[in-house]
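Report on the structure
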Amino acid sequence: MEISTKIKESFPSLEPKECPYEQNGYHLSIEATKSNIVDIARFFIKEDFYLADLCCVDYIDYLELVYFFSKHDKLLRIKVTLKIDPEKPSAPTISHIYNIAHWFEREIHEFFGVLFDGHPFMVYLFLHDQIDFYSLRKKQVPVPDEDKRLLNSFKPEEQEDGFFLNLGPQHPSTHGVLRVVVKMNGEYILEAIPVLGYLHRMHEKMAENRTYQQFYPNAARMDYLGALNFNLGYVTTVEKLCGIEVPERAQYIRTITCELNRISSHLLWLGAFLADLGGLTPFLYTFDDREQILDILEAVTGSRLTYSYFRFGGLFNDVDDNFVDGVKKFINRLRSRFSMYDRLVTGNVIFINRVKDIGVMDRSYPIRYGCSGPVIRSIGIPFDMRKHEPYAAYDRIDFKIATGTNADNMDRYLVRIQEMENSLDIIEKALKELPTGPIKADKIPKKLKPPKGDIYHTIESPRGELGIYIVSDESDVPYRMRWRVPSYSNLMTFPELAKGTLIADAIATLGSYDLVIPEIDR
Amino acid sequence: MVKEVITGAISLLKGMGVTIKAFFSPVVTVQYPRETINITPRFRGHTKLVADDENPDKTRCIVCGMCERNCPSNSIQVIGEKKEGEKKKTLTKYILNFTTCSQCGICVESCPTDALAFSGDYNPASFNKETFYYDLVAEFEKRKK
Amino acid sequence: MCTLDNIIQIIGKEVARLILGLIGVLVVVVVNALVLTWVERKVSGHMQRRIGPKEVGPYGLIQPFADGLKLLAKELLTPANVDKPLYYLAPVIVFIPVLVSFIVIPFDGFLQVKDINVGILVILAFSSLSVLSILIAGWGSNNKYSLIGATRSVAQNIAYEIPLLLALLPVVFMANSLSLRDIVEAQREGWFVWRWQFFAFLIYFIAATAETNRTPFDLPEAESELVAGFHTEFSGMRFALFFLAEYTNIFIASAIATTFFLGGYLGPVLPGVVWFFIKTYFLVFVIMWFRWTFPRVRFDQLLNFSWKILIPVAFANLIVTGGILKL
């Protein structure tokens, strides 16, 4: 591989190992040391790699930091590992190279106790006070006193003399429980700091205490608006790890239901975005459309919001003719509603002035922050996991990817509207080609024990790139499960984008990202 | 400049046209509880015990405890006793704590005799928590009558 | 009856008429505010394809009374560290311009409490007082969000009073008088909105929507940005007073538009009062229609719109009207 020759030229001491992509989800694996990890990060950012994930795994003799670097235009994923001493864990920071590492490292610090030298703001991200042990370690490691100082240390009002406003955890606008502390000068924002953790439920620790089958309901509750996509990601990852083949009919039905879920998530985003801007009526119209989808999915799966429909090797139960008829009727109905949304919203001069040329991202953001989904597609980069790394039936269906040109709020809005239309096309084509056959692979063991190893798999959720990293040690309980969620990296771009704007613009930008805070907090 | 003002004004009038059309259209809401809609038969709700085909007075449950072990939320308690002269255990109590149940369907799937099914009960309401500690055996007996 | 005649003889006809008029005005104000809350909820409901209130009374007609009763019974919570005189005065001051404006509006040929010969000047002068009450409410609440809402409202009101005035001036020129009765009478040959004042009507209507803090110009109470703007800290009856004053302001703005541009109480067949109310409530419906269709305008775009678009057009209209009258 040409990238490994380049790595060997720049770092003669490293030995990149080639790994089977089908089994592991990454192409190369490199073992780094504390002295060269920063140079490796610099090398990768020059080669246009973005940092997809940075997590930590506790193998009791040592802690291992795992970095995943990927590219936007080619399917190439490289895993870099760094072993750390478990007694006094510390590592150099790469947050001055990759901005997204700023939050990744804060999270690793509060769950594992790893101190990053040179990190500008080593304050807890999710947990706020009364921590006695580091939660994700395998043994009980108490929090040392000098670390306890860092608890409850985020008090911006006491440190400076400025006008601070809390876009508080309770909003009338439906983002979820996000608190943004904003330092203002009149109507202009000088600094915006998101404060997270109000909805932290510790799904990653729950994964280490439940078998693979028992974790089904948790996946849907992380992002309840794109629940089927999260279900699909989890199920596909474990199937790849165990080498389970899914029958064709199940793949097509998975595709159809995930696209329906994507449309319903975008419809809800549309209503909420306009409610942020002050137009309260389109909210009701989109919920009317969304109700049709929820009724169709309820008739198939039995739930309306937090589905547990997919199983390892297939589906829970089959679809019937009512489903096919219902979906066809729904497609025709929604296609006729788009012109109404155009007249009410897209062409409206007040809306255009609120949204055009606001929140413009330049081309360096995707590399530094790893943003994904409609956010990156509005910049003009056609990066969609459904085409980049196809899963389910996406490689057999021909569909278009919506891109924008200006990377402002208007383009993010238009990209999502276009995505809804493209999803309708996908559903139509998949329905036409729906094969008959079984919906579940046979011979799935009741207690699933995947082989030893790790895997990183990504899918395209309505918000962007969802990455799941599972480390298995041949028991029926995962050793470590890490969820890399798209809203995390999208939200991280907000402080830089909001500097110097009016508060009304900042709220419009926040609305256009389509954030779901429960998936950030997990 | 004048053109922008005119196109802007026309776009506003188009938007007003949409809302006035909706004003004169029928409502899409259903006045629950005076009107109800048909709930799909696959709706989940809490689980129920299924009668045995050969002996409709008894359930299919063999008190193996698979559902209790596989439940992610520890909401199930299966209590059975071995009666005199019988080879297998019989089920006396099946407590489902519906306040922690997430309706995932793992118990339904993992039962080796298919003794559990979803009940489709979509509007349970009560003033105290104890109503939701369902005893599925008692409900099965009530349904027999 | 004799005692009534005696009383009228003692205090004089004018004073008796004034007292009767004030009682009538209070009744109209309260009833109108109650009716408008019901109308707003029903209109918003049907525009969103749902029914508004329907449980309390047939078609929800008793809903406003239920709401009023609830607000009366609520505890009057005074937050700590408020500026007490300002906090207690604000809801009271907001009602003064409303009541004064009602005195000069001609409901019918003779149904007017007092026909002051500078009628419109009285209304415009007193409507500036409502800005004062918003500022007092925002400052006295000791709350960041209220302050931001209040300062926005002051800038907005000042910016939009000028187009309001400039849009009303051409009508005054054409009718040759500032008194509201004379302006209506001057429309016997045709309503001013058809006689060259269509743009003045549009400018007045937009400026009136901005003056009364309604969407798309409702930044002072922007719900999704600042919880509830300048009246965040007012609860119970104090909030009810702000609420009622807002709806009555909408009524007054529509009433002035009717009087100046749509012929006031003139119309065939039906009595004048009925025509007046039909026209005014139609304009109130249009203001509500705006609220449920459009998103909010951003603050600097709001000011730009007033200073760069509305005022030049209003000036142009004034000059054209002057030219027409000369010829």
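Residues numbered from 1 in each chain as written. Chains lettered and ligands numbered in written order. Predicted model: local features only at pLDDT ≥ 70, side-chain atom pairs only at ≥ 80, totals over all residues.

What follows concerns the overall build of chain C. Across its full length, chain C carries 12 helices and 0 strands. In chain C, the succession of helices and strands from N to C terminus is α-α-α-α-α-α-α-α-α-α-α-α. Along the first, second and third principal axes, the C-alpha set of chain C runs to 60 × 60 × 45 Å. When the 327 residues of chain C are sorted by exposure, 43% land in the buried category. Residue pairs at least 24 apart in sequence account for 78% of intrachain contacts in chain C once pairs closer than 6 positions are excluded. (Helix = DSSP H or I, 4+ residues; strand = E, 2+ residues; numbered from the N terminus. Buried ≥ 20, exposed ≤ 12 C-beta atoms within 10 Å, placed from the backbone. Contact = placed C-beta atoms within 7 Å.)

Here the focus is the overall build of chain A. Tallying secondary structure elements over chain A gives 21 helices and 15 strands in all. Scaling as 2.2 N^0.38, a compact globule of 522 residues should have a C-alpha radius of gyration of about 24 Å, and chain A matches this with 23 Å. Each of the three principal axes of chain A carries a C-alpha extent, and together these read 65 × 60 × 45 Å. Taking as baseline every contact in chain A between residues at least 6 positions apart, the subset at least 24 positions apart corresponds to 67%. (Rg over C-alpha atoms; globule rule 2.2 N^0.38 Å.)

Before going further, it helps to spend a moment on the nonpolar core. A:Leu51, A:Phe69, C:Ala167, C:Tyr204, C:Ala207 and C:Ala257 are the most contacted members of the largest nonpolar core, which totals 243 residues. At 16 residues, the largest contribution of residues to this core is made by helix H10 (residues 248-277) of chain A. Each of domain 1 (2-148) and domain 2 (203-521) of chain A gives at least three residues to this core. Not counting the four nearest positions on each side in its chain, C:Ala257 is found in contact with C:Tyr204, C:Phe205, C:Ala208, C:Leu262 and C:Leu283. (Core = buried A, V, L, I, M, F, W, Y, C linked by C-beta atoms within 7 Å. Domains from an automatic or database assignment.)

Next up on the list: the interface of chain C and chain A. Frequently, the measure chosen for interface size is the accessible area removed from exposure when the parts meet. Contacts between the two partners involve 21 residues from chain C and, on the opposite side, 23 residues from chain A. Per-class residue counts for the side of chain C that touches chain A are 9 nonpolar, 5 polar and 7 charged. (Nonpolar A, V, L, I, M, F, W, Y, C, P; charged D, E, K, R; others polar.)

With that settled, the discussion passes to unusual backbone geometry. Note: most residues except glycine have negative phi, and most peptide bonds are trans. Positive phi, normally seen in glycine, also occurs at A:Ala392, with a value near 45°. Counting through the fold element by element, A:Ala392 comes out in the loop between helix H16 (385-388) and helix H17 (409-432). Look at C:Asn213: it is not a glycine, yet its phi comes out positive at around 60°. Within the secondary structure, C:Asn213 is located in the loop between helix H9 (198-211) and helix H10 (237-261).

Taken together, the contact pairs 10 residues of chain C with 12 residues of chain B. Residue composition of the side of chain C that touches chain B, grouped by class: 6 nonpolar, 2 polar and 2 charged.

Another point: H10(A). Residue and element names in this part refer to chain A. Between its first and last C-alpha atoms H10 spans 44 Å; for 30 residues at 1.5 Å apiece the expected length is 44 Å, and the two agree. Burial of H10 is extensive: 29 of the 30 residues sit out of reach of the surface. Backbone geometry just downstream of H10 places glycine 278 in the positive-phi region, at approximately 115°. (Expected span 1.5 Å × (residues − 1).)

We now examine the sheet that holds strand S8 (residues 163-167) of chain A. Residue and element names in this part refer to chain A. Read across the sheet, 3 strands follow the order S8-S9-S10 without closing on themselves; strand pairing throughout is antiparallel. The strands lining the two open edges of the sheet, one partner per strand, are S8 and strand S10 (188-195). Averaged over all pairs of adjacent strands, the angle between strand axes in this sheet comes to 25°, irrespective of strand direction. Bridge count for S8 against strand S9 (residues 179-185) is 5 bridges, and the pairing is antiparallel. Note on S9: the bridge partner recorded for asparagine 166 is valine 181. (Pairing = 2+ DSSP bridges. Axes fitted to C-alpha atoms, helices over the stretch in contact; angles between N-to-C directions.)

So, about helix H2 (residues 13-47) of chain C. In a regular helix each residue adds 1.5 Å, so 35 residues correspond to 51 Å; H2(C) covers 49 Å between its end C-alpha atoms and thus fits that length. Listing the buried residues of H2(C) in full gives C:Val29, C:Asn32, C:Ala33, C:Leu36, C:Trp38, C:Val43, C:Ser44, C:Gly45, C:His46 and C:Met47. The inward-facing, buried residues of H2(C) contact helix H11 (281-301) of chain A, helix H1 (2-23) of chain B together with helix H3 (63-73), helix H5 (96-104), H10 and helix H11 (272-291) of chain C. Directly after H2(C), the chain includes C:Arg49, whose backbone phi takes a positive value near 60°.

This brings us to the packing of H9(C) against helix H12 (residues 299-326) of chain C. A pair of packed helices is captured by two measures, namely the crossing angle of their axes and the spacing between those axes. All names here are of chain C. Between H9 and H12, whose axes approach to 10 Å, the crossing angle comes to 145°. At the point where H9 passes H12, the crossing takes the left-handed sense. Here Phe199, Ala200, Ile203, Ile206 and Ala207 of H9 lie close against H12, whose contacting residues are Leu310, Val313, Ala314 and Asn317. Partitioned by chemical class, the residues of the contact of H9 with H12 number 8 nonpolar, 1 polar and no charged. (Left-handed = near helix turned anticlockwise from the far one by under 90°.)

What follows covers the environment of A:Leu241. Residues and elements named next belong to chain A. Relative to the assigned elements, leucine 241 resides in helix H9 (residues 227-242). In the structure, leucine 241 is positioned 208 residues away from lysine 449 in sequence and 9.9 Å away in space, judged by C-alpha atoms. Once you skip the residues sitting within four places of it in the chain, leucine 241 turns out to touch Pro450, Ile455, Ile470 and Ser472.

Take the domain arrangement of chain A next. All names here are of chain A. Segmenting chain A into domains produces domain 1 (2-148) and domain 2 (203-521). Here domain 1 and domain 2 have C-alpha centroids that lie 27 Å from each other. Contact residues are listed per partner, giving 23 residues for domain 1 and 26 residues for domain 2. Those elements that place two or more of their residues in the side of domain 1 that touches domain 2 are helix H2 (21-24) and strand S3 (49-59). Ranked by residue count, the leading element in the side of domain 1 that touches domain 2 is S3, at 6 residues. Its residues placed into classes, the side of domain 1 that touches domain 2 shows 14 nonpolar, 6 polar and 3 charged.

Turning our eyes to something else, we now look at the sheet that holds strand S14 (residues 464-472) of chain A. All names here are of chain A. Spatially, S13-S14-S15 is the arrangement adopted by the 3 strands of the open sheet, whose pairing is antiparallel. At either margin of the open sheet sits one strand with a lone partner, and together these are strand S13 (453-461) and strand S15 (480-484). With strand direction ignored, the average angle separating the axes of adjacent strands in the sheet is 15°. Relative to S14, S13 runs antiparallel, the two being bridged by 9 bridges. The partner of aspartate 454 across the bridge, within S14, is valine 471. Together, S13 and S14 form the strand contacts of H9, whose direction differs from that of S13 by roughly 150°.

The next point concerns the packing of helix H12 (residues 321-346) of chain A against H1(B). Two numbers describe how H12(A) lies on H1(B): the axes approach to 7 Å, and their chain directions differ by 130°. Classed by the angle they form, the pair H12(A) and H1(B) counts as oblique. Viewed along their axes, H12(A) and H1(B) form a crossing whose handedness is left-handed. Packed against H12(A), whose contacting residues are A:Met340, A:Arg343 and A:Leu344, the element H1(B) presents B:Lys14, B:Gly15, B:Gly17 and B:Val18 at the interface. (Parallel < 35°, antiparallel > 145°, perpendicular 65-115°, else oblique.)

This brings us to the environment of B:Cys107. Residue and element names in this part refer to chain B. Assignment of secondary structure puts cysteine 107 in helix H3 (residues 106-110). Of the residues examined, cysteine 107 has 22 C-beta atoms within 10 Å and is grouped as buried. Residues contacting cysteine 107, with those up to four places away along its chain left out, are Thr47, Cys67, Asn70, Cys71, Ile76 and Leu116.

The next point concerns the pairing of S9(A). All names here are of chain A. Relative to S10, S9 is paired through 7 bridges, and the arrangement is antiparallel. Looking at S10, one finds that valine 182 is bridged to alanine 192. Hairpin connection of S9 to S10: 2 residues between the antiparallel strands, including glycine 186 at a positive phi of 75°.

Now for the confidence of the model for chain C. Close inspection of predicted coordinates is inappropriate in any region flagged by low pLDDT. Of the residues in chain C, 96% have a pLDDT of 70 or more, and the chain-wide mean is 83. Interface confidence in the predicted complex, given as ipTM, is 0.88; pTM for the same model is 0.90. (pLDDT = per-residue confidence, 0-100.)

For B:Gly15, the location among the structural elements is in helix H1. Judged by C-beta crowding, with 26 C-beta atoms within 10 Å, B:Gly15 ranks as buried. Taking the C-alpha atoms as reference points, B:Gly15 and B:Thr131, 116 residues apart in sequence, are found 50 Å from one another. Among residues more than four places away in sequence, those in contact with B:Gly15 are A:Arg343, A:Leu344, A:Asn348, C:Thr293 and C:Phe294.

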